[in-house]
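Structural characterization, general
Given next are the chains, with one letter for each unit.
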2 protein chains.
Amino acid sequence: MGQASATIRDVAREASVSVASVSRALNGHSSVHPETRARVVAAAEALGYVPHAGARSLSLARSHAIGVILPDLHGEFFSEIVRGMDREVNARGYHLLLSNMHADASLAAQAMRSMRGRVDGLIVMAPQLDAAGLDAALPKGVPAVLVNSHDGIGRASFRIDNGAGIIASVAHLAALGRRRIVHVAGPAGNIDARERSEAYHAAMAAHAPGIAPIVIEGDFHEQSGADAVAMLRSMDATFDAIVAANDMMALGVLRGLREAGMDVPGTVAVTGFDDIPLARYLGLTTVRVPLAEIGARAVGRLVDALEGGDLSPDTLTVATELVVRGTTALSPGTP
Amino acid sequence: MGQASATIRDVAREASVSVASVSRALNGHSSVHPETRARVVAAAEALGYVPHAGARSLSLARSHAIGVILPDLHGEFFSEIVRGMDREVNARGYHLLLSNMHADASLAAQAMRSMRGRVDGLIVMAPQLDAAGLDAALPKGVPAVLVNSHDGIGRASFRIDNGAGIIASVAHLAALGRRRIVHVAGPAGNIDARERSEAYHAAMAAHAPGIAPIVIEGDFHEQSGADAVAMLRSMDATFDAIVAANDMMALGVLRGLREAGMDVPGTVAVTGFDDIPLARYLGLTTVRVPLAEIGARAVGRLVDALEGGDLSPDTLTVATELVVRGTTALSPGTP
DNA sequence: CCAGCCTGTGTAACCGGTTACAGGAAAGCG
DNA sequence: CGCTTTCCTGTAACCGGTTACACAGGCTGG
């Protein structure tokens with residue numbers, strides 16, 4: 001029925017004790033007479049009493065919830081990270097409050113503010129915000145762990161080793177004899193995109209000296225990968241490899257190449273970044289990022305800080321690993 | 001620094017008014033003198049005041065959060081549903097509190113109880129719980145919408161039209177001339193799995209009379225699809241089509257067939273269920289379920305109930321659609 | 001026999017908001 | 001000018017828990 005749930009006072013009345021005793025009994029305090037505890041437990045059981053988490057957290061100043069701010073739930077990149085968080089949060093007895101924040105910086109600030117008093121800490125993924133915007137948006141009192149965001153603002157954070165991943169990709173392609181390597185970059189302003197792009201230039205200088213780097217800007221979504229191929233063809237560019245800044249765009253690139261009748265990896269080799277689950281199925285050579293693990297570690301670090309120690313403002317860099325699959329196979333046609 | 005956030009009383013002091021006026025001014029009540037409102041807003045701004053959502057929801061008895069209970073965040077099935085929810089929840093000004101509940105029924109009840117006082121309503125996906133277990137686990141006072149769960153316990157719910165989907169798949173295969181159709185089922189106890197399995201039997205009776213149906217039980221994960229193929233081979237079964245109860249298992253089936261050197265769709269045609277994003281990339285014929293839309297509609301219905309009307313205990317059935325792709329192509333080799 | 005301690009319990013303040021109700025000041029009206 | 005009405009504001013109770021502090025009663029020890 002629509003009857004209101006029992007409160008602690010109802011239980012107290014039913015058990016003929018004070019609310020203090022009910023609270024102590026149910027929270028396992030030691031200074032409660034066994035007989036009293038039994039009466040309280042029986043009364044709570046009889047009334048189907050469940051403590052009101054909101055009231056509890058107001059009084060304790062702990063909600064046992066952590067907020068997750070992320071730009072997009074689309075695609076496997078963030079899903080995987082959230083999955084890792086969920087796993088860890090479950091193990092630690094916390095809850096996850098999701099909030100996805102669309103690109104705009106003031107909306108981002110808005111999203112974070114709306115979490116005050118709802119969560120004990122924040123995990124923020126905001127690759128599209130610059131350092132100043134991020135700093136302004138973060139509420140002052142709340143512990144936060146940044147993931148994939150501009151750091152250097154004195155906050156705990158995790159960063160992917162973007163440079164090493166791209167450099168490994170380019171080196172791998174160079175080892176296969178490819179030199180005319182194109183980069184399909186992520187959106188300007190995105191920190192990961194920028195680092196990957198810079199690494200591409202550095203790697204080209206090292207492995208393909210004398211060859212002009214070509215960068216086409218995409219937006220991390222699949223379609224922009226296909227668009228990039230179309231653009232390359234309309235430019236009459238010659239290329240024998242494409243390094244995409246993430247897997248989704250690499251998939252678009254593959255589609256674009258297939259539609260253009262260009263053989264992969266025979267004519268053009270392709271690499272991605274992230275190693276989302278899809279990549280394995282499609283045989284895409286890519287840079288593995290332990291996404292779920294990053295999520296779990298971010299939660300772990302935050303919860304540790306909430307429970308005991310303090311949050312050191314270090315940036316932890318997460319190693320990546322090149323995973324070679326069919327799209328850069330040595331002999332063409334080997335999928 | 002670590003200084004505590006400003007409370008409404010701090011703002012009141014700063015603006016030299018009472019807390020009541022601060023509350024009224026900030027919440028857009030009309031009966032506040034413009035001059036007072038300005039002073040309050042200025043003070044709030046100066047102190048960086050952000051209302052404490054927990055306190056607010058305690059007093060209003062509304063948290064503007066809705067809890068989502070789901071069995072697993074792994075795979076694209078639930079990710080897609082959550083994505084749809086997130087979209088809708090954002091539009092409606094609510095938050096999403098995730099909680100994934102592992103198979104056990106008492107843990108499920110535990111998970112739901114822990115949400116009392118934290119959320120205004122619940123969306124529950126519990127295909128593995130039977131009606132009694134579900135009814136016992138659901139807290140009494142909280143409005144809830146069931147998705148993909150046993151219904152018939154007088155709760156608002158959404159169900160996928162499993163029967164129609166499987167029947168369409170079998171009919172499609174029969175139209176291609178396949179008769180020896182095997183079903184790789186989901187885990188026993190799962191309501192979707194059972195309905196799909198029953199529909200398979202009915203469809204076989206209709207489209208392949210005289211042919212003994214073969215069912216291999218899987219667990220909805222990829223590996224069990226591959227295992228099913230191995231089992232079929234060890235049984236020396238003859239078959240020319242496999243209807244998997246979901247896409248992940250269909251992917252496993254494809255892998256198993258490839259490893260066994262059996263041509264798809266030449267020798268064996270394969271269908272899945274759900275149309276997760278992966279299916280499109282791999283050319284898997286499958287039954288499309290509008291996952292994101294289901295999530296969004298579940299949220300919509302719940303929020304409508306929370307804000308105004310009541311929650312009618314109807315079960316809404318969501319239509320599916322057969323999507324034909326390469327794994328059941330007419331001529332073999334056409335991917 | 002009484003001071004002092006220990007155990008178990010109750011009273012009431014508090015967490016940070018919202019809001020019913022009361023009341024003061026200014027304005028309208030006869 | 002006195003009275004009602006209107007507008008604005010403040011006081012305090014409340015949401016449902018937790019817990020500092022007070023205290024009653026039974027023991028122990030001198």
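Residues numbered from 1 in each chain as written. Chains lettered and ligands numbered in written order. Predicted model: local features only at pLDDT ≥ 70, side-chain atom pairs only at ≥ 80, totals over all residues. Heavy atoms only, no water.

Before going further, it helps to spend a moment on the side chain of A:Asn190. Residue and element names in this part refer to chain A. Relative to the elements of secondary structure, Asn 190 occurs in the loop between β6 (181-185) and α9 (191-207). With a relative accessible area of 8%, Asn 190 lands in the buried category. Side-chain polar atoms of Asn 190 contact the backbone nitrogen of Asp 192, separated by 2.9 Å. Contacts of Asn 190, omitting those with residues within four sequence positions, involve Pro 127, Gln 128 and Phe 220. (Helix = DSSP H or I, 4+ residues; strand = E, 2+ residues; numbered from the N terminus. Buried < 20%, exposed > 50% of the residue type's maximum accessible area, 1.4 Å probe, protein only. Polar contact = N/O pair within 3.5 Å; in protein donor to acceptor, adjacent residues only side chain to side chain. Contact = heavy atoms within 4.5 Å.)

Our focus in this paragraph is the protein's contact with DNA strand D. In the vicinity of DNA strand D, 27 residues are found, and the nearest of them are A:Ile8, A:Ser23, A:Arg56, A:Ser59 and B:Thr36. Expressed as a percentage, the sugar and phosphate content of the atoms of DNA strand D within 4 Å of the protein is 57%. Here a phosphate oxygen of DNA strand D and a side-chain polar atom of A:Ser23 are 2.5 Å apart. Between DNA strand D and A:Tyr49 there is a distance of 2.9 Å, counted from a sugar or linking oxygen to a side-chain nitrogen or oxygen. (Near = heavy atom within 4 Å.)

Moving on: the nonpolar core. A:Ile66, A:Ile242, B:Ile66 and B:Ile242 are the most contacted members of the largest nonpolar core, which has 136 residues in total. When neighbours within four sequence positions are excluded, B:Ile66 is seen to be in contact with B:Val89, B:Tyr94, B:His95, B:Leu96, B:Leu97, B:Val119, B:Gly121, B:Ile123, B:Val299, B:Leu302 and B:Leu306. If you look at the next biggest cluster of nonpolar residues, it comprises 41 residues, including A:Ala137, B:Ala65, B:Leu129 and B:Ala137. (Core = buried A, V, L, I, M, F, W, Y, C linked by side-chain atoms within 4.5 Å.)

Okay, the packing of helix α5 (residues 76-92) of chain A against helix α13 (residues 291-307) of chain A next. All names here are of chain A. One can describe the packing of α5 onto α13 by two numbers: an axis separation of 7 Å at closest approach and a directional angle of 40 degrees. With respect to their mutual orientation, α5 and α13 come out oblique. Note on packing geometry: the crossing formed by α5 with α13 is right-handed. Where α5 approaches α13, its residues Phe 77, Glu 80, Ile 81, Arg 83, Gly 84, Met 85, Arg 87, Glu 88, Val 89 and Arg 92 are matched on the opposing element by Leu 291, Ala 292, Gly 295, Ala 296, Val 299, Gly 300, Val 303 and Asp 304. Of the residues that constitute the contact of α5 with α13, the class distribution is nine nonpolar, three polar and six charged. (Axes fitted to C-alpha atoms, helices over the stretch in contact; angles between N-to-C directions. Parallel < 35°, antiparallel > 145°, perpendicular 65-115°, else oblique. Left-handed = near helix turned anticlockwise from the far one by under 90°. Nonpolar A, V, L, I, M, F, W, Y, C, P; charged D, E, K, R; others polar.)

In this assembly, 42 residues from chain B lie in contact with 43 residues from chain A. Surface buried jointly by chain B and chain A totals about 3900 Å² across both partners, of which 55% is contributed by carbon and sulfur atoms. Interface area lost by chain B to chain A is led by B:His95, B:Arg116 and B:Tyr281, which between them contribute 19%. Between chain B and chain A we count two salt bridges in total. (Buried area = accessible area lost by both parts, 1.4 Å probe. Salt bridge = Lys/Arg side-chain N within 4 Å of Asp/Glu carboxyl O.)

Let's shift gears to the sheet that holds β6(A). Residues and elements named next belong to chain A. Read across the open sheet, the four strands follow the order β7-β6-β8-β9; overall the sheet is parallel. The open sheet is flanked by β7 (214-217) and β9 (269-271), the only strands paired with a single partner. Taken pair by pair, the neighbouring strands of this sheet meet at an average axis angle of 20 degrees, ignoring direction. As defined by bridge partners, β6 adjoins strand β8 (residues 241-244) across four bridges and the pair is classed as parallel. (Pairing = 2+ DSSP bridges.)

Between chain B and chain A, which share one sequence, the superposing operator has a rotation angle of 180 degrees and an axial displacement of 0.1 Å; the RMSD is 0.1 Å. Such a combination of turn and shift is consistent with a two-fold rotation axis. Relative to the rotation axis, the C-alpha of B:Leu97 is the closest in chain B, positioned 2.3 Å from it. A symmetric contact is evident, with 100% of the interface residues of chain B recurring at the interface of chain A. (Least-squares fit on C-alpha atoms with pLDDT ≥ 70 in both.)

Further remarks concern the domain arrangement of chain A. Often the size quoted for an interface is simply the accessible area lost on bringing the parts together. Structurally, chain A comprises domain 1 (8-51), domain 2 (65-159 + 290-317) and domain 3 (162-289 + 322-328). Here the C-alpha centroids of domain 1 of chain A and domain 2 of chain A sit 38 Å apart. (Domains from an automatic or database assignment.)

A few words now on the packing of helix α2 (residues 19-26) of chain A against helix α3 (residues 34-47) of chain A. All names here are of chain A. Two numbers describe how α2 lies on α3: the axes approach to 9 Å, and their chain directions differ by 90 degrees. It follows that α2 is roughly perpendicular to α3 by the angle criterion. In this structure, α2 uses Val 22, Arg 24, Ala 25 and Leu 26 to contact α3, whose residues at the interface are Arg 37, Val 40, Val 41 and Ala 44. For the contact of α2 with α3, the class distribution of residues is six nonpolar, no polar and two charged.

Residues and elements named next belong to chain B. Along the chain, the position of Ile 216 falls in strand β7 (residues 214-217). A relative accessible area of 7% places Ile 216 in the buried class. Taking the C-alpha atoms as reference points, Ile 216 and Leu 311, 95 residues apart in sequence, are found 39 Å from one another. For Ile 216, the contacting residues outside a window of four places in its chain are Val 182, His 183, Val 184, Ala 185, Ala 228, Met 231, Leu 232 and Met 235.

Moving on to the side chain of A:Ser63. Turning to its location among the elements, A:Ser63 is positioned in the loop between α4 (53-60) and β1 (65-70). Its relative accessible area of 7% is what places A:Ser63 among the buried residues. When neighbours within four sequence positions are excluded, A:Ser63 is seen to be in contact with A:Ser57, A:Arg118, A:Val119, A:Asp120 and B:Arg118.

Right, let's talk about the protein's contact with DNA strand C for a bit. Taken together, the neighbourhood of DNA strand C is formed by 28 residues, with A:Thr36, B:Ile8, B:Ser23, B:Arg56 and B:Ser59 sitting nearest. Here, DNA strand C places atoms within 4 Å of the protein, and 57% of those atoms are sugar or phosphate. In the environment of DNA strand C, a phosphate oxygen lies 2.8 Å from a nitrogen or oxygen atom belonging to the backbone of A:His33. One of the side-chain N or O atoms of A:Arg116 is found 3.0 Å from a phosphate oxygen in DNA strand C. Among the secondary structure elements, those contributing two or more residues to the surface near DNA strand C are α2 and α4 of chain A together with α1 (8-15), α2 (19-26) and α4 (53-60) of chain B.

What follows concerns the sheet that holds strand β4 (residues 144-147) of chain B. Spatial strand order, β11(A)-β5(A)-β4(A)-β3(A)-β1(A)-β2(A)-β2(B)-β1(B)-β3(B)-β4(B)-β5(B)-β11(B): twelve strands in an open sheet with mixed pairing. The open sheet has two free edges, formed respectively by β11 (315-318) of chain A together with β11 (315-318) of chain B, since each of these has just one partner strand. Sheet twist, expressed as the average angle between the axes of neighbouring strands with direction ignored, equals 20 degrees. When β4(B) meets strand β5 (residues 156-160) of chain B, the two strands line up parallel, connected through three bridges. Paired with B:Val147 across the two strands is B:Phe158, which belongs to β5(B). Along the sheet, helix α13 (residues 291-307) of chain B contacts β1 (65-70), β3 (121-125), β4, β5 and β11 of chain B; its crossing angle with β5(B), the most-contacted strand, is approximately 170 degrees.

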